[in-house]
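# Understanding the architecture of this molecule
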Amino acid sequence: MGETEDRKDEVQRWTAKRRAALILEILKGKTTIAEAARTQGPTVAEVERWRERFLAGAENALRSRPRDEEGQKDELIRRIVPGP
């Protein structure tokens, strides 16, 4: 079997639970975003996006009045896209 075929056998779906576990490993300092991307398969940009979404969701969960999904999306857009 070639390397490409071996890699196909290793492909796993990135469920929310699996992404959260990876982000927790990064936040705990057990791995870096670059290392996670290199060893686990997603791109650095994907892992960074997951981290941002994870942190935004965690912040919202700790609010006394959590925002609805639309409010969360608006806040995430404000963080990512610089204003005029």
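In what follows, the accompanying structure is described. (Residues numbered from 1 in each chain as written. Predicted model: local features only at pLDDT ≥ 70, side-chain atom pairs only at ≥ 80, totals over all residues. Heavy atoms only, no water.)

### Regarding the nonpolar core
The line we're drawing: Residue types Ala, Val, Leu, Ile, Met, Phe, Trp, Tyr and Cys, when buried and joined through side-chain atoms within 4.5 Å, form a set referred to as a nonpolar core. Only protein chains enter the accessibility calculation, which uses a 1.4 Å probe; a residue is then buried when its area is under 20% of its type maximum, exposed when over 50%, and partly exposed in between. Each helix is a run of DSSP H or I of at least 4 residues and each strand a run of E of at least 2, with the numbering of both proceeding from the N terminus. Pairs of residues are marked as contacts when any of their non-hydrogen atoms sit within 4.5 Å.
Formed by Leu22, Ile23, Ile26, Ile33, Ala36, Ala37, Val47 and Trp50, the largest nonpolar core amounts to 8 residues. Taken together, the elements giving at least two residues each to this core come down to helix H2 (16–27), helix H3 (33–40) and helix H4 (44–61). Discounting chain neighbours no more than four positions away, the residues touching Ile26 are Thr31, Thr32, Ile33, Ala36 and Val47.

### So, the pattern of salt bridges
Pairs can form between side chains of opposite charge once their charged atoms are near each other. This is how it is decided: By definition here, a salt bridge exists when the distance from a side-chain nitrogen of Lys or Arg to a carboxyl oxygen of Asp or Glu is within 4 Å.
With the rule as written, the count across this model stands at 2 salt bridges. A salt bridge links Arg51 to Glu52, with the nearest nitrogen and oxygen atoms 3.2 Å apart. Residue classification places Arg51 among the partly exposed positions, given a relative accessible area of 27%.

### So, the layout of surface pockets
Selection criterion: Any residue with an atom within 4 Å of a point lines the site, the site being either a cavity, points on a 1 Å grid over the protein atoms alone where a 1.4 Å probe fits but cannot get out, or a pocket, an open set with protein on both sides within 12 Å along at least 5 of 7 lines. Grid points are joined across faces, edges and corners, and a volume is the space filled by probe spheres set on the points. Only Asp, Glu, Lys and Arg are considered charged, only Ala, Val, Leu, Ile, Met, Phe, Trp, Tyr, Cys and Pro nonpolar, and every remaining residue, Gly among them, polar.
Space inside the largest pocket adds up to approximately 320 Å³. Along its surface, the largest pocket is lined by 13 residues, and Trp50, Arg53, Phe54, Gly57 and Gln72 are the ones closest to its centre. Put simply, the parts of the chain that give the lining of the largest pocket at least two residues each are H2, H4 and helix H5 (69–80). For the lining of the largest pocket, the leading source of residues is H4, giving 5 residues. In terms of residue class, the lining of the largest pocket is made up of 7 nonpolar, 2 polar and 4 charged.

### Considerations on H4
Note the following rule: In this scheme, a helix's expected span is set at 1.5 Å multiplied by one less than its residue total.
Along its 18 residues, H4 runs 26 Å from first to last C-alpha, staying within 8% of the 26 Å computed at 1.5 Å per residue. Along H4, the positions that sit buried rather than exposed are Val47, Trp50, Ala56 and Asn60. Of the surrounding secondary structure, the elements contacted by the buried residues of H4 are H2, H3 and H5.

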